[in-house]
Amino acid sequence: MSVSNTNTSGKNSGSSGSALLGIIIAGALVIAGGFLIATFWSAVLPKQASAESRQVDDLFRFMLIIGGAIFLLVQGLLAYSVLRFRAKPGDTTDGPAIHGNTTLEFVWTAIPAVVVAVLAVYSYNVWTSIRAPKPNEQVSGVVGARFAWTFNYNLTRDNLPVGIEFDALAPEIQEDLNDGGITINYPQLATYVDQPVKLDMVSNDVIHSFWVPAMRIKQDLLPGRVTEIRFTPIEVGTYRVVCAELCGSGHGNMAGQLDPDGNVLGAWVVVYPDEATFRREFFDPEAMNLLFPPEDPALAGRAVLASGKYPCATCHTLTDLGWTGNLAPSLDGIGTRTSRLDSSGLPDMATYLHESIRHPNDYTVPGYATGLMPAFNPEPDQPNYMPESDLENIIAYLLTQTGE
Ligand code: CUA
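Residues numbered from 1 in each chain as written. Predicted model: local features only at pLDDT ≥ 70, side-chain atom pairs only at ≥ 80, totals over all residues. Heavy atoms only, no water.

S.K.: Pulling in residues and values, what's your account of the side chain of Asn 377?
M.R.: By the element assignment, Asn 377 lies in the loop between helix 9 (349-358) and helix 10 (388-398). Excluding anything up to four places from it in sequence, Asn 377 contacts Arg 358, Gln 382, Pro 383, Asn 384, Tyr 385 and Met 386. (Helix = DSSP H or I, 4+ residues; strand = E, 2+ residues; numbered from the N terminus. Contact = heavy atoms within 4.5 Å.)

Structure (structure tokens):
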């Protein structure tokens, strides 16, 4: 470093002046280096897709400038000391004994104290600003389960698809709409540009962590508690959701996937350009499925499974629905796989499917892990609630999956 030039020229009359110049030049270099490190690192971060990502990245860059400068200062002094104060050949004497230096100690305590105080205030401001409620939020639910995410949206009288008259709907649907609304379950989190989103998150089993790198948000889901996180998307796009807490053998499957054709599978945040597109491409068609459920139980069951309401796709393969999970038996041809009846002692496949969804651990197929599949329970106050009507429809659909 340039410091070594000035200091080694030590003993003439201009020594203190040139030493000061050296320190100023070294200081400038160290700070410029901090900026350089921060700039390089910022370039490798994912795209900024939310308003919060800008705040978080600005804070991160600020910390990198300070951290980078300190790194260069420490390493520079180390390198300088190694060169400048190394032992001459044959010199075995000790260095001079040094006893404290009050000024130096004051300086190296005061500077970090100021840096930490500034960072604490700045970080706290960013944190509170991100957590603060925003006007007109889209409130969606996030359910984490081994091993899938489900997002839900509330359909009420006030957000019916365009052209749908409340009075023309079936009486039981009208009742549900008035009574807290109908829940749309979907494997992706859909929203649109500039729409503030608030997520209420619950876990069905163990701790998961909801992470969307492009949005710079990450929040744990804790069993028995509702945690929340907010973000406002600013860019149209499809952004991968990742589970950032090791939650079991299918943990990796909780990250958004792509099928061989490049279509999204599993958890992604889908940001539409505006509310009209969001409603036309996502919300209204999903709402119509629930407002006018298919009469045929097999079609209704297919619709339920395709909606991602239950996290079967992450573990099972089912070609008809594009599922490619490999932690559990394939469901292709399950309707005629009567070999399962021999060991279970059950009379027919409908009963077998019913029992193995309600009590999966009693019917583990040899070669697969017991305890991985949750029991889907018939009562709303139990975990993994699956109403009998859904189960009947799912069974009707699965029985149509015949052949190899
Ligand atoms: Cu859920 Cu890892």
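S.K.: Any details on helix 10? Residues and values, ideally.
M.R.: What sets the pattern is the α-helix's 3.6 residues per turn: residues three or four places apart point alike. Within the span of helix 10, buried status applies to Asp 390, Leu 391, Asn 393, Ile 394, Ile 395, Tyr 397 and Leu 398. Against the buried residues of helix 10 lie helix 7 (297-306), strand 14 (317-318) and helix 9. (Buried < 20%, exposed > 50% of the residue type's maximum accessible area, 1.4 Å probe, protein only.)

S.K.: Quick one: what's the story with the pairing of strand 6 (residues 208-212), residue by residue and with numbers?
M.R.: Two faces, one strand: in a regular strand the side chains alternate between the faces of the sheet. Most of strand 6 is tucked away, with four of its five residues classed as buried. Pairing geometry for strand 6 and strand 7 (residues 217-221), over five bridges, is antiparallel. Paired with Val 212 across the two strands is Ile 217, which belongs to strand 7. Sheet analysis places strand 6 next to strand 10 (residues 242-243), joined by two bridges and oriented antiparallel. Across the sheet, the residue bridging to Phe 210 is Cys 243, located in strand 10. (Pairing = 2+ DSSP bridges.)

S.K.: Tell me about the sheet that holds strand 10, and name the residues and values.
M.R.: Read across the sheet, three strands follow the order 7-6-10 without closing on themselves; strand pairing throughout is antiparallel. What marks the edges here is a single partner per strand, and that holds for strand 7 and strand 10.

S.K.: Explain unusual backbone geometry to me, using residue names and the numbers behind them.
M.R.: Across the junction of Arg 146 and Phe 147, the peptide omega takes the value 5°, indicating a cis bond. Within the element layout of this structure, Phe 147 appears in the loop between strand 1 (138-145) and strand 2 (148-155). Its identity is not glycine, yet Asn 136 carries a phi of approximately 55°, on the positive side. The phi angle at Asp 194 is positive, at roughly 70°, despite the residue not being glycine. Residue placement: Asp 194 occurs in the loop between strand 4 (189-192) and strand 5 (197-203). The class for Asp 194 is exposed, based on a relative accessible area of 55%.

S.K.: Run through the nonpolar core, naming residues and quoting values.
M.R.: Judged by nonpolar contacts, the single largest core of 49 residues is most densely connected at Trp 149 and Phe 210. In terms of residues, this core owes the most to one element, helix 6 (residues 275-291), which gives five residues. (Core = buried A, V, L, I, M, F, W, Y, C linked by side-chain atoms within 4.5 Å.)

S.K.: Lay out the environment of Met 63 with the relevant residues and their values.
M.R.: Mapped onto the elements, Met 63 comes out in helix 3 (residues 51-84). Judged by its relative accessible area of 35%, Met 63 is partly exposed. Sequence spacing of Met 63 and Val 115 is 52 residues, and the spatial spacing of their C-alpha atoms is 9.5 Å.

S.K.: Outline the packing of helix 7 against helix 10, listing residues and values.
M.R.: Between helix 7 and helix 10, whose axes approach to 7 Å, the crossing angle comes to 105°. When the axes of helix 7 and helix 10 are compared, the pair comes out roughly perpendicular. Each of Pro 297, Ala 298, Ala 300, Gly 301, Arg 302, Val 304 and Leu 305 in helix 7 lies in contact with helix 10, whose residues at this interface are Asp 390, Asn 393, Ile 394, Ala 396, Tyr 397 and Leu 398. Here the contact of helix 7 with helix 10 is built from residues that sort into nine nonpolar, two polar and two charged. (Axes fitted to C-alpha atoms, helices over the stretch in contact; angles between N-to-C directions. Parallel < 35°, antiparallel > 145°, perpendicular 65-115°, else oblique. Nonpolar A, V, L, I, M, F, W, Y, C, P; charged D, E, K, R; others polar.)

S.K.: Any chance you could break down a negative patch on the surface for me, citing the residues and the numbers?
M.R.: Residues Glu 172, Glu 175, Asp 176 and Asp 179 make up a contiguous surface patch of negative charge. For Glu 175, the position within the fold is in helix 5 (residues 171-178). Under the relative-accessibility criterion, Glu 175 is labelled exposed at 55%. (Patch = residues over 30% accessible without salt bridge, like charges linked within 9 Å, V, L, I, M, F, W, Y side chains within 5 Å. Areas by Shrake-Rupley, 256 points an atom, 1.4 Å probe, with all protein chains shown as cover. Salt bridge = Lys/Arg side-chain N within 4 Å of Asp/Glu carboxyl O. Lys, Arg positive; Asp, Glu negative; His and termini not counted. Charge placed at Lys NZ, Arg CZ, Asp CG, Glu CD.)

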